[in-house]
Amino acid sequence: MTAPHHNPGHPIQLQLGQESITAFSISGLATYALVPGLNCAFDMGECLLDAVPLERVFLTHAHGDHSRCLLRHESLRRLLGMGPATYYIPRQTLEGFRGLALAWKALENVREANFEMPRFAPLAAGESVWLNRQLAARAFAVSHTLPSLGYTLFDVRKKLKPEFQARTGPELAQLRRQGVPFEEEQWLPRLTFIGDSTIDTLYRERHIGQSRILFLELTYLMEEERELARKRGHTHLDDLLAFLQECPDVLQNEHIVLKHFSMRYERRLILSVLKARLPKTLLDRVHILI
Ligand SMILES: [Zn+2]
Ligand SMILES: [Zn+2]
């Protein structure tokens, strides 16, 4: 008999402003978030058919509940005649994932001529990649028990430098011909995804709070689980409440998605604990991914 946990595996549909996202996250079971409007996904603990057309997958870390279906995604794309997707992974995991791909090749008896290594793109904290001319992703360090990255997607806009704002169209055209750089880039944080993390990441990476949407892990809620949370590199509700008290102005996000709750909780328990303990200013913006 299975435990009466809060969601046996159904994907959840979120509409967060302009963003339609399909997501699922339970600690130890699976985590993923699909953003079809931006042609990308975060983590691949499970691989829905809806995930297969997405061409970029940002993987936070190598724990199985976040990464187990990366190769399934890759092989389903091949089966369906789609070109290779790109898998952004923490740099330290590259050899492991390559080894995994080679192990499958051997197990499935794939001939050398038919084998293609999945397109892994290792990233380090601070590195950025362009998804298109107006959208970029930047990786940042996340504190967990394994090498782990968080990702922020930015809308990148060109705007006039202050000293050129009063210029007319023809004047700007003239400047362009002369090669004068009168524009600067503005990076507007649109969506931030953190996989598993202790609260340390929030204290260190303050830019997270400026993101319009934030996916945040909150695995443990019960008083007696504080030590467990520390040991497993997760966030406990008490950690989040302490952070909100010490740094009340950091999380400016319009939408905060709390996810990755422990499998042992029932739905009702999660809702009642969070409603009783989270401050109202946060609750108004919170989506509980259950
Ligand atoms: Zn996890
Ligand atoms: Zn983990």
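What counts as what
- Residues numbered from 1 in each chain as written.
- Chains lettered and ligands numbered in written order.
- Predicted model: local features only at pLDDT ≥ 70, side-chain atom pairs only at ≥ 80, totals over all residues.
- Heavy atoms only, no water.
- Core = buried A, V, L, I, M, F, W, Y, C linked by side-chain atoms within 4.5 Å.
- Buried < 20%, exposed > 50% of the residue type's maximum accessible area, 1.4 Å probe, protein only.
- Helix = DSSP H or I, 4+ residues; strand = E, 2+ residues; numbered from the N terminus.
- Contact = heavy atoms within 4.5 Å.
- Donors = N, O, S within 2.8 Å, 3.2 Å for Na, K, Ca; no water.
- Patch = residues over 30% accessible without salt bridge, like charges linked within 9 Å, V, L, I, M, F, W, Y side chains within 5 Å.
- Areas by Shrake-Rupley, 256 points an atom, 1.4 Å probe, with all protein chains shown as cover.
- Salt bridge = Lys/Arg side-chain N within 4 Å of Asp/Glu carboxyl O.
- Pairing = 2+ DSSP bridges.
- Axes fitted to C-alpha atoms, helices over the stretch in contact; angles between N-to-C directions.
- Tetrahedral: all angles 85-135°; square planar, octahedral: opposite > 155°, others 65-115°.

A.B. asks: Please give an account of the nonpolar core that cites residues and values.
C.D. replies: Ranked by internal contacts, the top residues of the largest apolar core, which has 33 residues, are L221, L240, L258, F261 and L274. Mapped by element, the contributors of at least two residues to this core are β12 (213–217), α6 (226–231), α7 (237–246), β13 (255–259) and α8 (267–277). Here the element with the most residues in this core is α7; it accounts for five residues. In this structure, L240 is in contact with I199, L202, L216, L218, T235, L258 and L278, ignoring residues within four places of it in sequence. In this structure, F42, V129, L191 and I213 belong to the second largest nonpolar core, which totals 28 residues.

A.B. asks: An account of the coordination of the zinc ion (ligand 1) is needed here, citing residue identities and associated values.
C.D. replies: The protein atoms donating to the zinc ion (ligand 1) are D65 (OD), H66 (NE2), D196 (OD) and H260 (NE2), with metal-donor distances spanning 2.1 to 2.3 Å. Sequence positions of the donors to the zinc ion (ligand 1) reduce to the motif D-H-x129-D-x63-H. Between the two metal centres, the zinc ion (ligand 1) and the zinc ion (ligand 2), the spacing is 3.8 Å, with D196 acting as a shared donor. With D65 in helix α1 (residues 64–67) and H260 in the loop between β13 and α8, this residue pair connects regions lying 195 residues apart in the sequence. A single burial state applies to D65 and to H260, both of which are buried.

A.B. asks: Go over a nonpolar patch on the surface, please, and point to the residues and values.
C.D. replies: A surface patch of nonpolar side chains, about 310 Å² in accessible area, is lined by L79, L80 and M82. Take L79: its relative accessible area is 69%, and that puts it in the exposed class.

A.B. asks: Just give me the short version of unusual backbone geometry, but keep the residues and values in it.
C.D. replies: One non-glycine residue, D43, lies in the positive phi region at around 60°. Within the element layout of this structure, D43 appears in strand β4 (residues 40–44). D43 sits in the buried class, given a relative accessible area of 0%. We note that H260 has phi near 70°; this positive angle belongs to a residue other than glycine.

A.B. asks: Just give me the short version of the sheet that holds strand β2 (residues 19–26), but keep the residues and values in it.
C.D. replies: With mixed pairing, seven strands are arranged side by side in an open sheet as β1-β2-β3-β4-β5-β6-β7. The sheet terminates laterally at β1 (12–16) and β7 (119–123), the two strands that pair on one side only. Strand-to-strand, the axes of this sheet are offset by a mean angle of 25°, without reference to chain direction. In this structure, β2 lies alongside strand β3 (residues 30–35), joined through five bridges in antiparallel fashion.

A.B. asks: I'd like a description of the pairing of β4, backed by residues and values.
C.D. replies: Counting buried positions along β4 gives five out of five residues, so the element sits mostly inside the fold. Two strands pair when backbone bridges link them, and β3 and β4 are joined in this way by four bridges, in the antiparallel orientation. By the bridge assignment for β4, A33 is matched with F42. Between β3 and β4, which pair antiparallel in sequence order, lie four residues; one of them, N39, sits at a positive phi of approximately 60°. Judged from the three bridges that link them, β4 and strand β5 (residues 56–58) form a sheet pairing that is parallel. Along β5, the bridge assignment pairs A41 with V57.

A.B. asks: Please set out the pattern of salt bridges residue by residue, giving values where relevant.
C.D. replies: A full pass over the atoms with the stated rule returns 13 salt bridges. For E19, the salt bridge is made with R190, and the minimal N-O distance between the two is 2.8 Å. Remark: R190 occurs in strand β11 (residues 183–193) and E19 occurs in strand β2; sequence separation between them is 171 residues. With respect to class, E19 is no different from R190; both count as buried. Among the ionic pairs, D284 bridges to K280, the shortest N-O distance being 3.0 Å.

A.B. asks: Before we move on, can you summarise the coordination of the zinc ion (ligand 2) with the specific residues and values?
C.D. replies: Around a metal, the ideal angle is 109.5 degrees if four donors adopt a tetrahedral arrangement and 90 or 180 degrees if six donors adopt an octahedral arrangement. On the protein side, the zinc ion (ligand 2) has H61 (NE2), H63 (ND1), H144 (NE2) and D196 (OD) as donor atoms, found 2.1 to 2.2 Å from it. Relative to the metal, the four donor atoms surrounding the zinc ion (ligand 2) lie at angles of 94 to 157°, and the coordination shape comes out irregular. Take H63: its relative accessible area is 28%, and that puts it in the partly exposed class.

A.B. asks: How would you sum up the pairing of strand β10 (residues 149–160)? Please name residues and give values.
C.D. replies: In terms of strand pairing, strand β9 (residues 135–141) meets β10 through seven bridges, oriented antiparallel. Looking at β10, one finds that A139 is bridged to Y151. Sheet analysis places β10 next to β11, joined by ten bridges and oriented antiparallel. Across the sheet, K158 pairs through a bridge with E185, a residue of β11.

A.B. asks: Could you give me a rundown of the sheet that holds β12, with the residues and numbers involved?
C.D. replies: Pairing between sheet strands relies on hydrogen bonds along the backbone, with the strands arranged either parallel or antiparallel. With respect to topology, seven strands assemble into an open sheet ordered β8-β9-β10-β11-β12-β13-β14, the strand pairing being mixed. Each end of this open sheet is capped by a strand with a single partner; those strands are β8 (128–132) and β14 (286–288). Taking the axes of each pair of neighbouring strands and ignoring which way they run, one obtains an average angle of 30° across the sheet.

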